[in-house]
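Here is what each chain is made of, one letter per residue.
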Amino acid sequence: MKQRPWMTALLLAGSAQAHVTLEQREAEAGTPYKAVLRVGHGCDGSATRKLTVLLPEGFKGAKPMPKAGWTLSLRMARLKEPYESHGKSVTEGLAEVSWTANTEADWLQDAWYDEFVVRGTLPGQPGPLWFKVRQDCVQGAWDWSELPAEGMSTSGLKAPAVLLRVTPRVPR
């Protein structure tokens, strides 16, 4: 397929703004979801040494995937809306997860790509779900936490939070 110049510009513009992204950007309400956060670069040439994800309210039963060479740190918080799971009331949940490189050899170099994974169950109602991510580098940091004033468009934001579009559940 012959690529037109405007297509190349559009693709480059999209990738220039896509700093931390989700592998799967849409999922059905109330279903299990594996959030694969893709990190495509460091901080202005500097390697990433820590990634912290603030989990959105309503992302239930979240569990992170450990990474070789990285230490996991978890922060729990009281839920605004407790829920039932396996006959028990759940009043506390994972609110934040951090992966920290153990040694310099484990840093995610600026020229490399990696994925950080946490799974959970999505809220029962459709709508936007925002994952706020802090990327700490050897020199500098990115705080991917900007939210649009209205709607779901991150156009014009310098460091947008990562958006998951939770869609209505399709009856099967």
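As the structure is a prediction and not an experimental result, all values here were calculated from the model. (Residues numbered from 1 in each chain as written. Predicted model: local features only at pLDDT ≥ 70, side-chain atom pairs only at ≥ 80, totals over all residues. Heavy atoms only, no water.)

An order of 1-3-8-5 is seen for the 4 strands of this open sheet, with the pairing classed as antiparallel. Taken across any chain shown, the strands that pair with only one partner, and hence form the sheet edges, are strand 1 (20-22) and strand 5 (60-64). Across the sheet, the mean angle from the axis of one strand to that of its neighbour is 25°, orientation sign disregarded. As defined by bridge partners, strand 1 adjoins strand 3 (residues 32-39) across 3 bridges and the pair is classed as antiparallel. Paired with Thr 21 across the strands is Arg 38, a residue of strand 3. (Pairing = 2+ DSSP bridges. Helix = DSSP H or I, 4+ residues; strand = E, 2+ residues; numbered from the N terminus. Axes fitted to C-alpha atoms, helices over the stretch in contact; angles between N-to-C directions.)

Summarising the model, the protein shows a mean pLDDT of 90, and 90% of its residues fall at 70 or more. In this model residues 1-18 is a low-confidence stretch, pLDDT under 50, and it forms 3 contacts with partners more than four residues away in sequence or in other chains. (pLDDT = per-residue confidence, 0-100. Contact = heavy atoms within 4.5 Å.)

Under the definition given, this model contains 1 disulfide. Covalently, Cys 43 is tied to Cys 137 through a disulfide, its sulfur atoms 2.1 Å apart. Because the sign of the S-S torsion sets the handedness, a value of about 65° for the bond joining Cys 43 and Cys 137 places this disulfide among the right-handed ones. Of the two residues, Cys 43 sits in the loop between strand 3 and strand 4 (48-54) while Cys 137 sits in strand 9 (residues 127-137), which places them 94 residues apart along the sequence. Exposure class is identical for Cys 43 and Cys 137. Each is buried. (Disulfide = S-S within 2.5 Å. Buried < 20%, exposed > 50% of the residue type's maximum accessible area, 1.4 Å probe, protein only.)

All right, on to the side chain of Lys 67 then. Structurally, Lys 67 can be placed in the loop between strand 5 and strand 6 (70-85). With sequence-adjacent residues up to four places away left out, Lys 67 is seen in contact with Trp 99, Asp 114, Glu 115 and Phe 116.

Let us look at the pairing of strand 6. Working note: regular strand, side chains alternate between the two faces of the sheet. For strand 6 and strand 7 (residues 88-101), the ladder comprises 12 bridges, and the chain directions are antiparallel. Bridged to Arg 78 within strand 7 is Glu 92. Hairpin connection of strand 6 to strand 7: 2 residues between the antiparallel strands, including His 86 at a positive phi of 55°.

Time to look at the pattern of salt bridges. Under the counting rule described, the total for this entry stands at 3 salt bridges. The shortest N-O distance in the salt bridge between Arg 75 and Glu 96 comes to 3.8 Å. Of the two residues, Arg 75 is situated in strand 6 and Glu 96 in strand 7; the sequence distance between them amounts to 21 residues. For Arg 75, a relative accessible area of 37% translates into the label partly exposed. (Salt bridge = Lys/Arg side-chain N within 4 Å of Asp/Glu carboxyl O.)

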